[in-house]
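# Structure assessment
As a plain string of letters, each chain reads:
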Amino acid sequence: MSALFYSHLADSPVGPLLLAGDADALHVLSFGNGIRPREIDADWARDTKGVLETVRRELKEYFAGRLKSFTVPLAFTGTPFQNAVWKQLTRIPYGETISYLELANRIDNPKAVRAVGMANGANPIAIIVPCHRVIGSNGSLTGFGGGLPAKRALLELEKGQRTLL
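Every chain begins its residue count from 1, and numbering advances along the sequence as written. Selection of residues for local features in this predicted model requires a pLDDT of at least 70, selection of side-chain atom pairs for listing and counting requires 80 or more, and totals for whole chains, interfaces and linings are taken over all residues. To get the side-chain values, take all heavy atoms of the structure and skip hydrogens and water.

Turning our eyes to something else, we now look at the overall build of the protein. The number of helices and strands found in the protein is five helices and six strands. For helices the rule is a DSSP run of H or I covering at least 4 residues; for strands it is a run of E covering at least 2, with both sets numbered from the N terminus onward. Of the regular secondary structure in the protein, the N- to C-terminal order runs β-β-β-β-α-α-β-α-α-β-α. Computation of the radius of gyration draws on C-alpha atoms alone. For the globule rule, the value is 2.2 Å times the number of residues to the power 0.38. Relative to its length of 165 residues, the protein is compact, with a C-alpha radius of gyration of 15 Å against a globular reference of 15 Å. Principal axes of the C-alpha set define a box for the protein whose edges measure 45 × 35 × 25 Å. Whether a residue is buried, partly exposed or exposed follows from its accessible area with a 1.4 Å probe, protein chains only, as a fraction of its type maximum: under 20%, in between, or over 50%, in that order. Taking all 165 residues of the protein together, the buried fraction comes to 48%. Considering only contacts within the protein whose residues lie at least 6 apart along the sequence, 58% involve residues at least 24 apart. Using a 1.4 Å probe, the Shrake-Rupley method yields the accessible areas, and only the shown protein chains count as cover for residues. With an accessible surface of roughly 8,400 Å², the protein has 51% of that area assigned to carbon and sulfur atoms. Averaging the locations of the 19 positively and 15 negatively charged side chains of the protein gives two centres separated by 6 Å. Contacts between residues were defined by any pair of non-hydrogen atoms, one from each residue, lying within 4.5 Å. Charged residues are defined here as Lys and Arg on the positive side and Asp and Glu on the negative side; His and the ends of the chain fall outside this count. By convention, the charge on Lys lies at NZ, on Arg at CZ, on Asp at CG and on Glu at CD.

Turning to the sheet that holds strand β3 (residues 26-31), a few remarks are in order. On the basis of which strands lie adjacent, the open sheet formed by four strands has the order β3-β2-β1-β4 and mixed pairing. This sheet does not close on itself; its edge strands, each paired only once, are β3 and β4 (45-46). Any two strands are treated as partners once DSSP identifies two or more bridges connecting them. Of the pairings in the sheet, the one linking strand β2 (residues 17-21) to β3 comprises five bridges and is antiparallel in character. Residue pairing for β3: Gly21 is matched across the bridge by Leu26. Working convention: axes come from line fits to C-alpha atoms, limited for helices to the stretch in contact. Angles between N-to-C directions cover 0 to 180 degrees. Relative to the sheet, helix α1 (residues 53-63) contacts β1 (5-9), β2 and β3, its axis offset from that of β1 by approximately 25 degrees.

Within the element layout of this structure, Leu17 appears in strand β2. By relative accessible area, which is 1% here, Leu17 ends up buried. A C-alpha to C-alpha distance of 16 Å links Leu17 and Gly121, two positions 104 residues apart in sequence. In contact with Leu17, other than residues within four places in its own chain, are Ser7, His8, Leu9, Ser12, Leu29, Ser30, Phe31, Gly32, Leu59, Phe63 and Ile127.

With that out of the way, let us pick up the packing of helix α2 (residues 80-89) against helix α4 (residues 113-121). When two helices pack together, their arrangement is given by the angle between the helix axes and by the axis-to-axis distance. Close contact between α2 and α4 brings their axes to 9 Å; oriented N to C, the two are set at 75 degrees. When the axis of α2 is compared with that of α4, the two are roughly perpendicular. In contact with Phe81, Gln82, Val85, Trp86 and Leu89 of α2, α4 contributes Ala115, Val116, Ala119 and Asn120. Under the grouping applied here, Gly and all other residues not named as nonpolar or charged are polar, the nonpolar ones being Ala, Val, Leu, Ile, Met, Phe, Trp, Tyr, Cys and Pro and the charged ones Asp, Glu, Lys and Arg. The residue makeup of the contact of α2 with α4, split by class, is seven nonpolar, two polar and no charged. Here roughly perpendicular refers to angles of 65 to 115 degrees, roughly parallel to angles under 35, roughly antiparallel to angles over 145, and oblique to all remaining angles.

Right, let's talk about the pattern of salt bridges for a bit. By definition, a salt bridge exists where a carboxyl oxygen of Asp or Glu is found within 4 Å of a side-chain nitrogen of Lys or Arg. For the structure shown, the criterion picks out five salt bridges. A salt bridge links Glu53 to Arg56, with the shortest nitrogen-to-oxygen separation between them at 4.0 Å. Placement of the pair is Glu53 and Arg56 together in helix α1, with a separation of three residues, close to one helical turn. Since its relative accessible area comes to 17%, Arg56 is described here as buried.

This is the structure:
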């Protein structure tokens, strides 16, 4: 794996975001004010070359309500189970939500609802890998790394109820 570069998107409407990636893909998009904010790894270098400019631009377009599908390449680094969950998250259409049970069914493991919830919570690429689109079976908003107000704001944005910029 090549060296990772990092950048902050301090003016995000859902709070500060930490981005990390290389020339090939985005590896991390984390909430700075979230439940478990990601720290900058000692071997990461500040992005002074614009490596993360595409993701920064796409996030701003998304928050303005003008982008519904991200094009930035993603790099998943997790267990095979986590990777399966995260890849399935990317298949949830913009503006739609599913339950944890439905997500477990989509990976052909309906008894793994709790494990799916844990993998969803460990998603290293928030927003772009839309873990915010997973809700409780009763329609309730459940835990979210960026906090429930951020989850609500992202879902309202995607339902066309508001823009964030």
